[in-house]
Amino acid sequence: MTIRVGLIGCGLMARAHLPGYQTTGERVEIVMCCDNNEQLAQTHAQNIGGDIVVTSDWEQVIANPNVDAVDICSPHFLHAPMVLAAAKAGKHILLEKPMAMNLTEGQQMVDAANAAGKVFMVAQNQRYLPEHQPIKDWLDQGAIGRVIAARIDGNQFLSRAYPKGHWLFSKALTGGGVIRTTAIHKIDLLRYFLGEVKRVTAFYSTSGLNPEMDNEDVATIAMEFENGALGEAFFTFASYQNPIPTASHELVILYGSKGMINNINGWNMYSTELEAYSSAMTPMGLPNADYTQSFVREVGHFLDCIETGQEPLTSGRDNLNTIAVIDAIYQAAETGKATTVQRI
Ligand SMILES: NC(=O)c1ccc[n+]([C@@H]2O[C@H](COP(=O)([O-])OP(=O)(O)OC[C@H]3O[C@@H](n4cnc5c(N)ncnc54)[C@H](O)[C@@H]3O)[C@@H](O)[C@H]2O)c1
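Because the structure is a prediction, the values reported are computed rather than measured. (Residues numbered from 1 in each chain as written. Predicted model: local features only at pLDDT ≥ 70, side-chain atom pairs only at ≥ 80, totals over all residues.)

(A) Molecular detail of the overall build of the protein. In terms of regular secondary structure, the protein is built from 12 helices and 15 strands. Computed over its C-alpha atoms, the radius of gyration of the protein comes to 20 Å, within 12% of the 20 Å expected for a compact globule of 344 residues. Projected onto its principal axes, the C-alpha coordinates of the protein cover approximately 60 × 45 × 40 Å. Here the protein, with 344 residues, has 47% of them falling under the buried criterion. The long-range fraction of contacts in the protein, counting pairs at least 24 apart against all pairs at least 6 apart in sequence, stands at 69%. (Helix = DSSP H or I, 4+ residues; strand = E, 2+ residues; numbered from the N terminus. Rg over C-alpha atoms; globule rule 2.2 N^0.38 Å. Buried ≥ 20, exposed ≤ 12 C-beta atoms within 10 Å, placed from the backbone. Contact = placed C-beta atoms within 7 Å.)

(B) Fine view of the domain arrangement of the protein. Assigned domains within the protein: domain 1 (3–125 + 295–314) and domain 2 (127–289 + 323–340). Computed over C-alpha atoms only, the centres of domain 1 and domain 2 are separated by 26 Å. On the side of domain 2, 15 residues touch domain 1, which itself brings 18 residues to the contact. Tallying contributions element by element places helix α11 (residues 291–308) first for the side of domain 1 that touches domain 2, with three residues. Taken together, the residues of the side of domain 1 that touches domain 2 break down into eight nonpolar, seven polar and three charged. (Domains from an automatic or database assignment. Nonpolar A, V, L, I, M, F, W, Y, C, P; charged D, E, K, R; others polar.)

(C) Quick peek at the site of the ligand. In the vicinity of the ligand lie 22 residues, with Gly 9, Gly 11, Leu 12, Met 13 and Glu 96 positioned nearest. Classifying every residue of the shell around the ligand gives 11 nonpolar, eight polar and three charged. (Near = placed C-beta within 6 Å.)

(D) Structural view of the pairing of strand β8 (residues 197–205). Relative to strand β9 (residues 218–225), β8 runs antiparallel, the two being bridged by eight bridges. Its bridge partner lying in β9, Val 200 is registered against Met 223. (Pairing = 2+ DSSP bridges.)

(E) Looking closely at the sheet that holds strand β10 (residues 230–236). Read from one edge to the other, the open sheet built from nine strands follows the order β14-β13-β12-β11-β7-β10-β9-β8-β15, with strand pairing classed as mixed. Looking at the sheet topology across the chains shown, the edges are occupied by β14 (282–283) and β15 (339–340). Sheet topology note: the strand β12 (residues 259–262)/strand β13 (residues 268–271) ladder contains four bridges and is antiparallel. Across the sheet, Ile 261 pairs through a bridge with Met 269, a residue of β13.

(F) Inspection of the pairing of β13 at higher detail. Because side chains alternate across β13, one face comprises the buried residues Met 269 and Ser 271, and the other comprises Asn 268 and Tyr 270, none of which is buried. In textbook terms, the turn of a hairpin is the stretch between consecutive antiparallel strands, and for β12 and β13 this stretch comprises five residues, one of which, Asn 265, has a positive phi near 55 degrees. Two strands pair when backbone bridges link them, and β13 and β14 are joined in this way by two bridges, in the antiparallel orientation. Within β14, the residue paired with Asn 268 across the bridge is Pro 283.

What follows is the structure, given as structure tokens:
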């Protein structure tokens, strides 16, 4: 059975998802493209080719009985209304991160998708990066023993990446700056690698280097995991003019009781448990941040889940615990107090 997909929001991420659909052959057909900038939807449909209905009204995508699934790549403030309507109409849903502006919205979305009995997957694409699955497998096999600590970071300069007036600069339209928009990627990944986060502390600031931004663009975060590991994160959208290229060089260091893993100049491991890695930090021969592959694997997994009924690795249900960490980070920064993460 061919899965008929409607795309809602035809900007940067819709273009990034496209290779995922183009490599799936007969399994999927894109039948609608929607963007409130209709020209963008039109251009996207032309690039895909074939008989695609173009609209500027997302409710038409939801109302169309020929659409089985929607792929939502819209600004954050539209995630909840679009998902709630799509679930009510019985569509399977792939939604870009962050799932929600807050936990209350997220819970409503998950409840609606559960009531509909449809797949609801959040596009946390970093879990689908080809190198991250082998890393997860090594950790589960105890290659570096008990993980005792993790360090992550990300550096971007938002004003270089997005034009003036873009919705990403606005707190009202995003529900948060560098924390909710970008740190969420690696925080979700650390949940996958290490387990749940128990408590957080955080500081954030708005640097002024992104003149239009009323959101935080610098953040430092400390995390305590349920298993006792500690995590340290630094994320900024204010890496002035010359960011460290993040897609390929966001830092991950995992410190274990029997070794270490890091992604400094490629993925490396030291392990007293494994002969081949026991003398020093040793290259693991893994690819480094092949972002296109992450979208291909992500979309493929979404289609697998529709076909088999399995819960996605990055289901809305799972992602509630990521949103809970993000909400706790904002609360910690705003109150100046270590904050316990609400477990769902
Ligand atoms: N996974 C990643 O690495 C990654 C990277 C960047 C952004 N994102 C996420 O992807 C989502 C989209 O971000 P983007 O960078 O593609 O932004 P974008 O601005 O390039 O695309 C969003 C599109 O939504 C359209 N839109 C706005 N209101 C609409 C409406 N009412 N109806 C239909 N379309 C509407 C806009 O015109 C725009 O074309 C966000 O949730 C963002 O956080 C993920």
